[in-house]
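Chain and residue survey
One-letter residues, chain by chain:
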Amino acid sequence: MSLSYWDGAYRTGRKIWGGQPSEIARVMGMFFEKEKIPTSGKRMLEIGCGYGRDALYFADRWKVILVGIDPSGQAIEMARAGLTAKNRRRVEFRTERFQDVTEGSFDLVYAANLYQVLSPEERNQFCRAAPAWLAPGGLLLLGGLSSRDPEHAGNGNEISTSTVSGEEKFHLHLSTRKELEADFRSLGIRALFEHEFLEPRAEGEPHHHIAWILIGARKT
Ligand SMILES: C[S@@+](CC[C@H](N)C(=O)[O-])C[C@H]1O[C@@H](n2cnc3c(N)ncnc32)[C@H](O)[C@@H]1O
């Protein structure tokens, strides 16, 4: 996946998917409420935070201590601009790739709309690193496009026979349940379900998506 693609996409300063939190963040919020999982004061890492729409939502709603990382310096500048007097002491945004994260012991690691843009090698790196970022019992919260995604399935050139991948403007990988179960077998999967929604766009029509929501716990 080309990092320059994303830096270029953010360069206009426009919030590509609007200023509200993503649907994936909202669904995670509902899951945590239903399961009564405490969040206040927990350490959270968001990987591929973009311009911070979800990080700022979690910081305010969940009262977490949050590190948000993204390799796009432009996106990180936009994310920092969203900090407020209430959350700036608990939130740090850094221009960084997940491959360079050296800290661990996070209670929560969140990545939305990232897994699908990673190359096969990067997805392997992500899966291998995930348990090391988490404290024992810590949770990985992953949201990524499904192979049944109405917007992208069947578009682009398929580059693998075992999975649905495409080369549209950028590499895109659409996941199946079986694949995610295998990719994250080192974690105890607590939830894995599809969610269908319309994603707003700053420009043009909303996109119709089906995404996987995966919640996995680090085994102690
Ligand atoms: C589709 S965007 C999603 C942004 C954000 N999660 C959201 O939903 O608003 C994917 C993001 O992943 C970031 N990204 C790509 N490769 C990455 C890597 N190796 N480490 C961390 N983030 C990465 C990109 O810069 C981009 O901001």
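Right, let's walk through the structure included here. Note that the structure is a prediction, hence the values are computed from the model and not measured.

1. Re the overall build of the protein
Each helix and strand in the protein was counted, giving six helices and nine strands. For 220 residues, the compact-globule formula gives about 17 Å, and the C-alpha radius of gyration of the protein, at 16 Å, lands near that figure. The principal-axis extent of the C-alpha atoms belonging to the protein is close to 45 × 40 × 30 Å. The buried share among the 220 residues of the protein stands at 50%. Counted over contacts in the protein with a minimum sequence separation of 6, partners at least 24 positions apart contribute 71%.

2. Overview of the site of the ligand
Looking at the ligand, there are 18 residues lining it, with Tyr-10, Gly-48, Arg-53, Asp-70 and Ala-112 nearest. Between the ligand and Asp-70, the relevant distance is 2.6 Å, taken from an oxygen atom to a side-chain nitrogen or oxygen of the residue. Gln-99 places a side-chain nitrogen or oxygen 3.0 Å from a nitrogen atom of the ligand. Calculation on the ligand without its partners gives an accessible area of 600 Å², and the protein chains cover 98% of this total. Sorting elements by how many residues they give to the shell around the ligand places helix H1 (residues 3-10) first, with three residues. For the shell around the ligand, the per-class residue count stands at ten nonpolar, four polar and four charged.

Conventions we followed
Residues numbered from 1 in each chain as written. Predicted model: local features only at pLDDT ≥ 70, side-chain atom pairs only at ≥ 80, totals over all residues. Heavy atoms only, no water. Helix = DSSP H or I, 4+ residues; strand = E, 2+ residues; numbered from the N terminus. Rg over C-alpha atoms; globule rule 2.2 N^0.38 Å. Buried < 20%, exposed > 50% of the residue type's maximum accessible area, 1.4 Å probe, protein only. Contact = heavy atoms within 4.5 Å. Near = heavy atom within 4 Å. Polar contact = N/O pair within 3.5 Å; in protein donor to acceptor, adjacent residues only side chain to side chain. Areas by Shrake-Rupley, 256 points an atom, 1.4 Å probe, with all protein chains shown as cover. Nonpolar A, V, L, I, M, F, W, Y, C, P; charged D, E, K, R; others polar.

Keep in mind these numbers describe shape, not what the thing actually does.
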